[in-house]
Amino acid sequence: MRFKDRLPVWLHDWLDIVVPIGQILLIFAAAWLLRLLVRRLIERIGHRYTLPPEAVVGGRRIASFLIYAAALLLVLERMGVSGTVLWTAFTGFAAVAAVAFFAAWSVLSNIFCTMLILTTRPFRLYDHVELLENGEKPGLRGQVVDINLVYTTLRESDDGDGAGTCLQIPNSLFFQRALRRWRGGALPAPRGGGSSPGDPLDV
């Protein structure tokens, strides 16, 4: 005799609601724990083999996306959505997304430039860089704090009176202008005069 048959009849309807909710919560809890384990594993691998910070951050983001996507598919399956319906919806969404990406050429350009930044390494995380407008006009300058598929985030250099703001620069812009880079922990000189304490590298 099944466990459900041993319970009172009035509990049967509640079990049909409570059991799926419990399974969904368990799926999300397992996905969260797996994400933590994978993130720690990626960090250990990056520390052991001295991988660049960009590769570690990218690996963590890809792993988190795959884990949560798999958890979402399992949740939908527990809610009664068939695999055929899921596959049809996924292929339809992929086709629409492909058309949208080809229509948005600037987005594709930024993604391609991101791959070039990660492979050619014109700068790294926490370097100070400056995009030069021309020989006379100062450009956008700051410390690289994040690189994602579309933007590179620069924290603007302080002149001593508070925290700097952040700039999100399209990655394609780094291949359209000259770039000045301060290596390592070197800091650029304040605007308006003075020599740089570091050795800038123009590429």
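Report follows, based on the coordinates. (Residues numbered from 1 in each chain as written. Predicted model: local features only at pLDDT ≥ 70, side-chain atom pairs only at ≥ 80, totals over all residues. Heavy atoms only, no water.)

Our next topic: the overall build of the chain. Counting its secondary structure elements, the chain contains five helices and six strands. Along the chain, helices (α) and strands (β) appear in the sequence α-α-α-α-α-β-β-β-β-β-β when read from the amino end. Looking at the 203 residues of the chain, the share that counts as buried comes to 24%. Within the chain, contacts between residues at least 6 apart in sequence are counted, and of these 48% link residues at least 24 apart. Of the roughly 14000 Å² of accessible surface on the chain, 66% is carried by carbon and sulfur atoms. (Helix = DSSP H or I, 4+ residues; strand = E, 2+ residues; numbered from the N terminus. Buried < 20%, exposed > 50% of the residue type's maximum accessible area, 1.4 Å probe, protein only. Contact = heavy atoms within 4.5 Å. Areas by Shrake-Rupley, 256 points an atom, 1.4 Å probe, with all protein chains shown as cover.)

What follows covers the nonpolar core. Within the largest apolar cluster, 12 residues are counted, these being Ile 117, Phe 123, Leu 125, Val 129, Leu 131, Val 144, Ile 147, Leu 154, Ile 169, Leu 173, Phe 174 and Leu 179. Among all residues touching Leu 131, those that are not within four sequence positions of it are Gly 139, Leu 140, Ile 169, Leu 173, Phe 174, Arg 177, Ala 178 and Leu 179. With six residues, the next largest nonpolar core counts Ile 27, Ala 31, Ala 71 and Val 75 among its residues. (Core = buried A, V, L, I, M, F, W, Y, C linked by side-chain atoms within 4.5 Å.)

Attention shifts here to the pattern of salt bridges. On inspection of all chains with the given rule, the structure shows four salt bridges. Two residues, Glu 43 and Arg 60, come together in a salt bridge whose shortest N-O distance is 2.8 Å. With Glu 43 in helix α2 (residues 10-48) and Arg 60 in helix α3 (residues 53-78), this residue pair connects regions lying 17 residues apart in the sequence. Using a relative accessible area of 37% as the deciding quantity, one classes Glu 43 as partly exposed. (Salt bridge = Lys/Arg side-chain N within 4 Å of Asp/Glu carboxyl O.)

Glancing now at unusual backbone geometry. The phi torsion at Thr 50 lies on the positive side, around 50 degrees, for a residue other than glycine. Within the secondary structure, Thr 50 sits in the loop between α2 and α3. Unusually for a residue other than glycine, Arg 121 sits at a positive phi of about 55 degrees. Turning to its location among the elements, Arg 121 is positioned in the loop between α5 (105-120) and β1 (128-132).

On to the packing of aromatic side chains, then. One pair of aromatic rings is described through two measures. These are the centre distance and the angle between the planes. Scanning the entire structure with this criterion turns up one aromatic pair. Ring centres 4.9 Å apart and planes at 45 degrees place the aromatic pair Phe 123 and Phe 174 in the tilted group. With a gap of 51 residues between them, Phe 123 in the loop between α5 and β1 and Phe 174 in the loop between β4 (166-170) and β5 (178-182) connect regions that are remote in the sequence. Accessibility expressed as a relative area gives 7% for Phe 174, which makes it buried. (Phe/Tyr/Trp six-rings, centres within 6.5 Å; stacked < 30°, edge-to-face > 60°.)

Let's shift gears to the pairing of strand β3 (residues 151-155). Where strand β2 (residues 140-147) meets β3, four bridges bridge the pair, whose relative direction is antiparallel. The partner of Val 144 across the bridge, within β3, is Leu 154. Between β2 and β3, which pair antiparallel and follow one another directly, the connecting turn spans three residues. With five bridges joining them, β3 and β4 adopt antiparallel strand pairing. Across the sheet, Leu 154 pairs through a bridge with Leu 167, a residue of β4. (Pairing = 2+ DSSP bridges.)

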